[in-house]
Amino acid sequence: MPKSLCAAFLLSWVVCAPLCAQAAPAASDVDAEKAAAALGARALGLLHTAMVHEDSDVRVMAAEQWGPIGNPAAKPVLLRALKDPIPAVRIAAAGSLLELGDSSGVKVVEAVALAAPPARKETGALGALEELKAVARNKTRALALRALAHMGSPESLPALRKAALDPDPAVRDAAAAGLARLGDSQSLDRLFASLESEDPAVRLKAVESLAEAGTPAVVEKLRPLAEDNVSNVRAEAMEALGASGSTLVLPLLVAGAEDQNERVRAKAVSAMGRVSY
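Keep in mind the model is a prediction, meaning the values are calculated, not measured. (Residues numbered from 1 in each chain as written. Predicted model: local features only at pLDDT ≥ 70, side-chain atom pairs only at ≥ 80, totals over all residues. Heavy atoms only, no water.)

## Things to note about the environment of Ser104
For clarity, the threshold we go by: Note on conventions: DSSP H or I runs of at least 4 residues are helices, E runs of at least 2 residues are strands, and numbering of each starts at the N terminus. For every residue, the accessible area (1.4 Å probe, protein chains only) is compared with the maximum for its type, and the residue is labelled buried under 20%, exposed over 50%, or partly exposed between those bounds. Only heavy atoms matter for contacts: two residues are in contact if any of them lie within 4.5 Å across the pair. We define a polar contact as two N or O atoms separated by no more than 3.5 Å, with the added condition that, inside protein, one atom must be a possible hydrogen donor and the other a possible acceptor, whereas residues neighbouring each other in sequence contribute only through side-chain atom pairs.
Along the polypeptide, Ser104 turns up in the loop between helix H5 (87–99) and helix H6 (106–113). Look at Ser104 and you get partly exposed, because its relative accessible area is 36%. The spacing of Ser104 and Ala94 is ten residues in sequence and 7.4 Å in space, taken between C-alpha atoms. Look past the residues within four positions of Ser104 in its chain and what remains in contact with it is Leu79, Leu82 and Leu97. Side chain to side chain, Ser104 and Asp102 meet in a polar contact 2.6 Å long.

If you want it as structure tokens, here you go:
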């Protein structure tokens, strides 16, 4: 079994072990507490080990667990992870630190988001390699921008606005969605205007950004898109309506579940599960 797969299994065990300990029968409450404490300590030890694993994917998964666990003792290891050579690890560590009440990783994520790839200098095979590296970096930058949006810090608005002017479309799209999620009026107005475009591709891109934003403020603007004459737009509208979390969208989702297009129906049904009743 590959090392990374073994580590992923261990991480899953780390998350589930305390729950199993609570559910397991014990001779007394004292015995149950001792068993849970021992199992919890072992799980945290494994998580610490995973933070220095040679596989960066494992380090990312480990860094993501500390925030939900809520153990402030993890702050030192997460602060060290902010200097990890892999940007995705730094992003995950920053997210967990914020959940633990430490915002020191936000600036680290902003730096990743704004670290544009160098201008292409080579041609031929070397130029193609440079282009592949640039694509990979821009995907990481988009990941960082989405993380900033979920962190929800108004201090990140300048970084998101700067990224919204980036030459890379994936970076711009992530920045636009992030700005919309944080309630930036200019970004929302641009997206709302795009919803009325005659070009279905423009409408689709706007709906996708609003779906990623996941805010109830977009419901009324999305309502007409639920009946768009292009099925892909209708499908993404179902996604965006579900992401809003508003119960006001339920009639639209119910109607979407009876759409003539299979993808629209599937998106509508999936979206219903994201709405809080």
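So much for the structure itself; the text now carries on.
## Some details on the confidence of the model for the protein
For the record, the criterion: Confidence of the predictor at the level of single residues is given by pLDDT, which spans 0 to 100.
Put simply, the protein has an average pLDDT of 85, and 82% of its residues get 70 or more. A low-confidence stretch, residues 35–39 (pLDDT under 50), is modelled with four contacts involving residues beyond four sequence positions or located in other chains.

## Some thoughts on H5
Condition: In this scheme, a helix's expected span is set at 1.5 Å multiplied by one less than its residue total.
With 13 residues, H5 extends 19 Å between its outermost C-alpha atoms, agreeing within 8% with the 18 Å of an ideal straight helix rising 1.5 Å per residue. Of all the residues in H5, the buried ones are Val89, Arg90, Ile91, Ala92, Ala93, Ala94, Ser96 and Leu97. The first or second residue beyond H5 is Gly101, which carries a positive phi of 90°.

## Thoughts on the packing of H5 against H6
For clarity, the cut-off: Axis geometry follows a simple rule: fit a line to the C-alpha atoms, using only the stretch in contact for helices, then measure angles between N-to-C directions, giving values from 0 to 180 degrees. In these notes the angle categories are as follows: under 35 degrees is roughly parallel, over 145 is roughly antiparallel, 65 to 115 is roughly perpendicular, and the rest is oblique. Take the far helix as your reference; a near helix turned counterclockwise from it by less than a right angle gives a left-handed crossing, and one turned clockwise gives a right-handed crossing. Nonpolar residues are Ala, Val, Leu, Ile, Met, Phe, Trp, Tyr, Cys and Pro. Charged residues are Asp, Glu, Lys and Arg, and all others, Gly as well, are polar.
One way to put it is that H5 packs onto H6 with a least axis distance of 8 Å and a crossing angle of 150°. Judged by the inter-axis angle, H5 sits roughly antiparallel to H6. Between H5 and H6 lies a crossing of left-handed hand. When H5 is examined against H6, the residues Pro87, Arg90, Ile91, Ala94 and Leu98 are found in contact with a partner set consisting of Val106, Val108, Val109 and Val112. Of the residues that constitute the contact of H5 with H6, the class distribution is eight nonpolar, no polar and one charged.

## Re the side chain of Asp228
Within the secondary structure layout, Asp228 lies in the loop between helix H12 (219–222) and helix H13 (231–244). On the basis of relative accessible area, Asp228 is assigned to the buried category, the value being 9%. Here Arg203 takes part through its side chain, which lies 2.8 Å from a polar atom of the side chain of Asp228. A distance of 2.8 Å separates a polar side-chain atom of Asp228 from the backbone nitrogen of Val230. When residues no more than four places from it in sequence are discounted, the contact partners of Asp228 are Arg203, Val233 and Arg234.

## Some thoughts on the pattern of salt bridges
Stated precisely, the cut-off is as follows: Should a side-chain nitrogen of Lys or Arg be within 4 Å of a carboxyl oxygen of Asp or Glu, the pair is scored as a salt bridge.
Inspection of every chain in the model, using the stated rule, returns 14 salt bridges. Here Glu208 makes a salt bridge to Lys205, at a shortest N to O gap of 3.6 Å. Here Glu208 and its partner Lys205 are both found in helix H11 (residues 200–213), three residues apart, which amounts to about one turn of the helix. Residue classification places Lys205 among the partly exposed residues on the basis of a relative accessible area of 39%. Connected through salt bridges with shared partners, the residues Glu236, Glu239, Arg263, Lys267 and Arg274 form a single ionic network.

## Comments concerning the environment of Asn261
You can see Asn261 is positioned in the loop between helix H14 (250–256) and helix H15 (262–272). Among the residues examined, Asn261 registers a relative accessible area of 23% and is labelled partly exposed. Separated by 29 residues in the primary sequence, Asn261 and Asn232 place their C-alpha atoms 9.2 Å from one another. Discounting chain neighbours no more than four positions away, the residues touching Asn261 are Ser231 and Arg234. For Asn261, the side chain forms a polar contact with the main-chain nitrogen of Val264, separated by 3.1 Å.

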